[in-house]
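# Structural characterization, general
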Amino acid sequence: MNQVEEAIIKETRAFAEAMNAGDAALAASFHAEDGVRVGGFGDVQHGREEIEAAYDRLLNQSMPGAQLIQERGSVRMLTPELAVWQGNLEIVIPGREASLRGHVVQVMQKCNGRWLILEGHPKIYPPPPGGGS
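A few points on the structure.

Thresholds applied
Residues numbered from 1 in each chain as written. Predicted model: local features only at pLDDT ≥ 70, side-chain atom pairs only at ≥ 80, totals over all residues. Heavy atoms only, no water. Helix = DSSP H or I, 4+ residues; strand = E, 2+ residues; numbered from the N terminus. Buried < 20%, exposed > 50% of the residue type's maximum accessible area, 1.4 Å probe, protein only. Contact = heavy atoms within 4.5 Å. Pairing = 2+ DSSP bridges. Phe/Tyr/Trp six-rings, centres within 6.5 Å; stacked < 30°, edge-to-face > 60°. Lys NZ or Arg CZ within 6 Å of the ring centre and 35° of its normal.

Inspection of the secondary structure puts Gln106 in strand E6 (residues 100–111). Take Gln106: its relative accessible area is 5%, and that puts it in the buried class. In this structure, Gln106 is in contact with Thr12, Ala83, Val84, Trp85, Ile117, Glu119 and Gly120, ignoring residues within four places of it in sequence.

Quick look at the structure:
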């Protein structure tokens, strides 16, 4: 991978660390000010303020203590300032036997030297038939 792709991977890893620390404000800071997030359960947020509020609900009400495991993923450059990062994810929730699995696609935009999430689309896979994990 080239330096730009490595920078994008580094941002996605730091985002996962912020989520795992339960820090909604820090996690939201990985999004562009005018970013959009379509959550894994279909909720939609516009702008960093709404995204932070959604992360706060997720991290402190819906899934407190959850840990996000993301693949390294892949990067596809669209322009020198736009890229798509995507990879599989797993969310481990304390007290829950089976983890949630899914996939995320993010349009990344270079903003002031950082690669921020312009559009984030994490999706959670439904459980397999029969309820197994």
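After presenting the structure, the write-up continues.
The next point concerns the pairing of E6. Remember that side chains alternate between the two faces of the sheet whenever the strand is regular. Pairing analysis gives ten bridges linking strand E5 (residues 82–92) to E6, with the strands arranged antiparallel. Bridge assignment links Ile91 to a residue of E6, and that residue is Leu100. Direction of pairing for E6 relative to strand E7 (residues 114–124): antiparallel, over a ladder of ten bridges. By the bridge assignment for E7, Gln106 is matched with Gly120. Hairpin connection between E6 and E7: a loop of two residues separates the two successive antiparallel strands, and Asn112 in this loop has a positive phi of roughly 50°.

Here the focus is the packing of aromatic side chains. Summed over all chains, the structure comprises two aromatic pairs. With a centroid separation of 6.1 Å and an interplanar angle of 75°, the aromatic rings of Phe15 and Phe30 are classed as edge-to-face. Residue Phe15 is found in helix H1 (residues 3–20), and its partner Phe30 is found in the loop between helix H2 (24–28) and strand E1 (31–38); the two are separated by 15 residues along the sequence. For Phe30, a relative accessible area of 8% corresponds to the buried category. Between Phe15 and Tyr55 the ring centres are 5.8 Å apart and the planes differ by 55°, which places this aromatic pair in the tilted class. Within this pair, whereas Phe15 is found in helix H1, its partner Tyr55 is found in helix H3 (residues 47–62), the two being separated by 40 residues in sequence. Residue classification places Tyr55 among the buried positions, given a relative accessible area of 3%. Seen from the ring of Phe30, Arg114 lies directly overhead, with NZ or CZ sitting 5.0 Å from the centre.

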